[in-house]
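So the chains spell out like this:
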Amino acid sequence: MSPIWHPFTQHALFPAMRPIASAQGAWLTDAQGQRVFDAISSWWVVTHGHCHPHIVQAIRDQAGRLDQVIFAGHTHAPAERFAEKLLARLPDALTRLFFSDSGSTAVEVAIKMALGHFRHRGEGRHRIVVLANGYHGDTVGTMSAGERGVFTQPYDRLLYAVDRIPFPAPGQEQATLDALERFARNPETAALLLEPLVLGAGGMLFYSPGVLAQMAALCARHGVLLIADEVMTGWGRTGRFLACDHAGVVPDILCLSKGITGGHLPLAATLCREEIYQSHFSTDRRRTFFHSSSYTANPIACAAALANLELWETEPVQDRIDAIAAAQAEGLARLAAHPKLSGARQSGTILAAEIGGPGHYMTESGPALLRFFAERNLLIRPLGNTVYLLPPYCSTRAELSACHDAMLEAADVLG
Ligand code: PLP
């Protein structure tokens, strides 16, 4: 028996892990040689496809040149070149980049940047406003900001208080804006932290670019920082490079990870406006941004990230994203017509629907759905009874159509 304890895995219900031997494009191959279609991009990280030759080559080259170096007081070409290229792609207002190594740490860094900013300016702003149903990671700080529930209950006494505003479900946006206005008027409010347009782990809940723009304007009016957690939505998932792009919103702090290396290695970046950096910039050492992890800006991960950005320049990535979105739109029409599927919805490359009633993570049918797709060699991992596809951009129309078929069949059998 393996000694390994797996993430988000109830070993009493799922004792056997599927051993995966290799991967290419949108497909995994298990130890028995069975191919599995990776319809969720291996937890939303793979963008161009597994083992993309350009990224693999960059990793090989970098591993033989400089594997790792402390990033305090040191720098290296892969980090510098990646930062320069990424900043050139992002709105001019984002001028500074801090590296870390996961989505959770990107958000932790963002929260610390926001609070440090106000502290160093002598302002008493320290409260964080968040959206109901949000998810920002599993560290204690990000659990505090995320929705409380079965994921967080055992640790509730450790979590810090945040101010929650309702999810801006279509038609209910005003309640969200009113609640935000109330909190934004509080002189203790530092930042609004949100996932733009799509709340991923919270159940693939979508809201409109219009209300995102209104929330951003409201924050700006009251001097509250907007932190956009684009850990999942970034790198094209919603059809544009950033979800914020749909709303013409430039956040004060932006969190990126997952697709940052095309899904090949762990890395994250938290970007911010100049004034946030400047409030830490001082000969007073107490204003140092006291944050690091051992592998901050690991050169091999940075080389993979740089190669990923090169692919965005040299390959028709946006065309592929548009093709995925078109194929998902065909799926959407089919799902919407099924009587046992509800809430069928699409945001760019992401397609989601509930099987057999309103979405609920701890629904009875969750484990059966997981098995249903695994038996069909589809890596589709429902959030309770919310089934979604979030595929790599190299997926074909036929592959996605087969996933739509499987969702319809699952609704027939388990709905
Ligand atoms: N933020 C969002 C929006 C996410 O979807 C996730 C992970 O799914 C995270 C943060 C945490 O990222 P990680 O699992 O890399 O720590």
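Residue positions are given per chain, counting from 1 as you read along its sequence in written order. Reporting in this predicted model follows two pLDDT cut-offs: at least 70 for local features of residues, and 80 or more for side-chain atom pairs to be given and counted; totals over whole chains, interfaces and linings ignore these cut-offs and use all residues. Side-chain metrics rest on all non-hydrogen atoms present in the structure, leaving aside hydrogens and water.

1. A word on the overall build of the protein
What counts, and what does not: Each helix is a run of H or I in the DSSP string that is no shorter than four residues. Each strand is a run of E no shorter than two, and both are numbered from the N terminus. Here the globule rule reads 2.2 Å times residues to the power 0.38, and the radius of gyration is calculated from C-alpha atoms. Relative accessibility decides the category of a residue: with a 1.4 Å probe and only protein chains considered, values under 20% of the type maximum give buried, values over 50% give exposed, and everything between is partly exposed. We call two residues in contact whenever any of their non-hydrogen atoms come within 4.5 Å of each other.
Summing up its helical and strand segments, the protein has 13 helices and 16 strands in all. Rg of the C-alpha trace for the protein: 21 Å, near the compact-globule value of 22 Å for 415 residues, within the 12% margin. Each of the three principal axes of the protein carries a C-alpha extent, and together these read 65 × 55 × 45 Å. Residue burial in the protein is summarised as follows: out of 415 residues, 51% are buried. Pairs at least 24 residues apart make up 71% of the contacts formed inside the protein by residues separated by at least 6 positions.

2. Quick notes on the side chain of Thr47
Take Thr47: it is sitting in the loop between α1 (41-44) and α2 (53-63). In this structure Thr47 comes out as buried when scored by relative accessible area, which is 1%. Thr47 has contacts with Trp235, Arg237, Gly259, Gly262, Asn308, Pro392, Tyr393 and Cys394, leaving out every residue within four places of it along the chain.

3. Observations regarding the sheet that holds strand β5 (residues 127-131)
Filter applied, for reference: Only when DSSP finds a minimum of two bridges between them are two strands counted as paired. Inter-axis angles, ranging from 0 to 180 degrees, are taken between N-to-C directions of lines fitted to C-alpha atoms, where helices are fitted over the stretch in contact.
Strand order across the open sheet formed by seven strands is β4-β12-β11-β10-β7-β5-β6, with mixed pairing between neighbours. Strand pairing shows two members of the sheet lacking a second neighbour, β4 (94-100) and β6 (163-165), which therefore form its edges. With strand direction ignored, the average angle separating the axes of adjacent strands in the sheet is 20°. Its contacts with the sheet place helix α6 (residues 173-184) against β5, β6 and β7 (189-194), and it is angled at close to 155° to β6.

4. Section: the layout of surface pockets
Worth spelling out the cut-off: Cavity means a closed set of points on a 1 Å grid over the protein atoms alone, one where a 1.4 Å probe fits but cannot get out, pocket means an open set with protein on both sides within 12 Å along at least 5 of 7 lines, and lining means a residue has an atom within 4 Å of a point. Grid points are joined across faces, edges and corners, and a volume is the space filled by probe spheres set on the points.
For the second largest pocket, the calculated volume is near 950 Å³. In terms of lining residues, the second largest pocket is bounded by 30 residues, among which Phe71, Leu97, Phe98, Tyr277 and Phe289 are the most central. Of all the secondary-structure elements, those providing two or more residues to the lining of the second largest pocket are α3 (77-89), β4 and α9 (274-280). Here the element with the most residues in the lining of the second largest pocket is β4; it accounts for five residues.

5. Some thoughts on the site of the ligand
As a reminder of what qualifies: For this purpose, a residue is taken to be near a molecule or strand whenever a single non-hydrogen atom of the residue falls within 4 Å of it. Polar contact is defined as a pair of N or O atoms within 3.5 Å, subject to the rule that within protein one atom must be able to donate a hydrogen and the other to accept it, and that residues adjacent in sequence are counted only when both atoms are side-chain atoms. For accessible areas, the Shrake-Rupley method is used with a probe of radius 1.4 Å. Any residue's cover is judged against the shown protein chains and nothing else. When residues are grouped by polarity, Ala, Val, Leu, Ile, Met, Phe, Trp, Tyr, Cys and Pro land in nonpolar, Asp, Glu, Lys and Arg in charged, and all others, Gly among them, in polar.
Close contacts around the ligand come from Trp44, Ser102, Gly103, Ser104, Tyr135, His136, Gly137, Glu195, Asp229, Val231, Met232 and Lys258, and that covers them all. For the ligand, an oxygen atom lies 2.5 Å from a polar atom in the side chain of Ser104. When the ligand is considered free in solution it has 390 Å² of accessible area, and contact with the protein chains removes 83% of it. Along the lines of polarity and charge, the residues of the shell around the ligand split into four nonpolar, five polar and three charged.

6. A short note on the side chain of Thr189
The topology assignment puts Thr189 in strand β7. The class for Thr189 is buried, based on a relative accessible area of 0%. A distance of 2.6 Å separates the side chain of Thr189 from the backbone oxygen of Phe183, its partner in a polar contact. With near-sequence residues (within four places) excluded, Thr189 lies in contact with Arg125, Arg127, Val129, Phe183 and Val224.

7. Details of the sheet that holds strand β2 (residues 27-30)
Strand pairing in a sheet relies on backbone hydrogen bonds, with the paired strands running either antiparallel or parallel. Here four strands make up an open sheet; going across it, the order is β1-β2-β3-β15 and the pairing mixed. In this open sheet, the two edge strands, each paired with only one partner strand, are β1 (20-24) and β15 (378-379). Inspection of the sheet shows β1 paired to β2 by four bridges, in the antiparallel sense. Across the sheet, Gln24 pairs through a bridge with Trp27, a residue of β2.

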